[in-house]
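In case you want the letters, here they are:
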Amino acid sequence: MNNKEKEKLVKELYEKYPYPSRSDSSEEKLKSFALWTAKTINENNDYWEGKTILELGCGTGELSVGLALCGGKVTAIDFSKTSIKKAKLLANKKCKTNKPKYILKNILKIKENEFKKKFDVVIALGSLHHTTNAKKGFEIGCKNLSKEGVIFVGLYNKYSRLRHRIKRIVVRIIAGNDIEKRIKIGKLFFDKKIQKERIADKFGQVHESYHSINEVLEWFKEQNIEFIGSKPTYKTPIIDEINWLLNKKNAFFVMSGKKNK
Ligand SMILES: C[S@@+](CC[C@H](N)C(=O)[O-])C[C@H]1O[C@@H](n2cnc3c(N)ncnc32)[C@H](O)[C@@H]1O
């Protein structure tokens, strides 16, 4: 399958199953996503106040709305029409003023001078590994980040997602390329209780890439980004990542860094 075909199928999946489509969208819950992200750099929700924020791959908008409720000036991008539609509805419901701005666009097609100004913060959680070039997506994020701005990137881990990768292979062998069948089998064999959008994201997805701490640190170096924090924290890359696998934890990790002057 070439990159164009992969991209088309990823988009179609999120058009049909917009993610995360959370059922609890209380203000408290939405703010908790903003807090979860701030904690990566040992901050709290005061951190977002007045910051200009670019979110890449915002899905149904839970984080972008949470950030806006904390005073962030958010621009959020996704290429799934239904996700953007749901995000706008959520923002209209939750934000009286200071609504995020939503843009329907492919992350990999954002230009360096796409926006009038660079952003104080760029956030890409759970999205770049579904693009056909996660590293390029990261570089685009960095190009739109102001000097001393902070970037957060959340990706599937190469080591600790191994367990899930094996499950995906089993599902694919049984269901072949039939996405609906994959979702059905994924549900049957593994996660019976979770909602359909989440199962679709776990098993219906045709493309996801896997990354390691060392790889992301290399990306940081190339883009002149100084590491400032991660979630979970780690002491020794690879060893900790293998431990995450053995402890059935942290198949997803977030790294954050500051752009040097
Ligand atoms: C797993 S969801 C994550 C959503 C949200 N960031 C979260 O953490 O809940 C991945 C999102 O990335 C979007 N996405 C994937 N590839 C994209 C691309 N090339 N351009 C724009 N959005 C993309 C999908 O449409 C989807 O909404």
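What counts, and at which threshold
- Each chain has its residues counted from 1, running along the sequence as written.
- With the structure being a predicted model, the display of local features is reserved for residues of pLDDT at least 70 and the display and counting of side-chain atom pairs for 80 or more, all residues being used for whole-chain, interface and lining totals.
- Domain ranges listed in this record stem from an automatic or a database domain assignment.
- A pair of residues counts as a contact when their C-beta atoms, built from backbone coordinates, are within 7 Å of each other.
- Where helices and strands are cited, they refer to DSSP runs of H or I of at least four residues and of E of at least two residues respectively, numbered from the N terminus.
- Under the scheme applied, nonpolar residues are Ala, Val, Leu, Ile, Met, Phe, Trp, Tyr, Cys and Pro; charged residues are Asp, Glu, Lys and Arg; polar residues are all the others, including Gly.
- Paired strands are those between which DSSP finds at least two bridges.
- Fitted lines through C-alpha atoms serve as axes, helices being fitted only where they are in contact, and the angles separating the N-to-C directions of these axes extend from 0 to 180 degrees.
- Working definition: roughly parallel below 35 degrees, roughly antiparallel above 145 degrees, roughly perpendicular at 65 to 115 degrees, and oblique for all remaining angles.
- The crossing is said to be left-handed when, going from far helix to near helix, the turn is anticlockwise and less than a right angle, and right-handed when the turn is clockwise.

Enquirer: Looking at this structure, how should I read the domain arrangement of the protein?
Expert: For an interface, size is often stated in terms of accessible area lost upon the parts coming together. As assigned here, the protein comprises domain 1 (3–158 + 210–259) and domain 2 (162–207). Here the C-alpha centroids of domain 1 and domain 2 sit 24 Å apart. Across the boundary between the two partners, domain 1 contributes 13 residues, which contact twelve residues of domain 2. At four residues, helix α1 (residues 3–16) tops the list of elements feeding residues into the side of domain 1 that touches domain 2. Among the residues forming the side of domain 1 that touches domain 2, the class breakdown is nine nonpolar, two polar and two charged.

Enquirer: Could you clarify how one ought to interpret the sheet that holds strand β6 (residues 225–231) in this entry?
Expert: Two pairing modes exist for strands in a sheet, parallel and antiparallel, and in both the strands are linked by backbone hydrogen bonds. Read from one edge to the other, the open sheet built from seven strands follows the order β3-β2-β1-β4-β5-β7-β6, with strand pairing classed as mixed. Either end of the sheet is taken by a strand with one partner, and the two such strands are β3 (101–104) and β6. Averaged over all pairs of adjacent strands, the angle between their axes in this sheet comes to 20 degrees, without regard to strand direction. Relative to strand β7 (residues 252–259), β6 runs antiparallel, the two sharing six bridges. Looking at the pairing, I225 lines up with K259 of β7. Each of β2 (73–78) and β3 is contacted by helix α4 (residues 81–94), which is oriented at about 170 degrees to β3, the strand it contacts most.

Enquirer: Is there a simple way to think about the packing of helix α3 (residues 62–69) against α4 in this case?
Expert: Describing two packed helices takes the angle between their axes plus the distance from one axis to the other. Orientation of α3 relative to α4, taken along the N-to-C sense of each, is 25 degrees, at an axis distance of 9 Å. The angle between the axes of α3 and α4 places the two elements in the roughly parallel class. Here α3 runs over α4; the crossing is right-handed. Seen from α3, the contacting residues are S64, V65, A68 and L69; seen from α4, they are A87, L90, A91 and K94. The residue makeup of the contact of α3 with α4, split by class, is six nonpolar, one polar and one charged.

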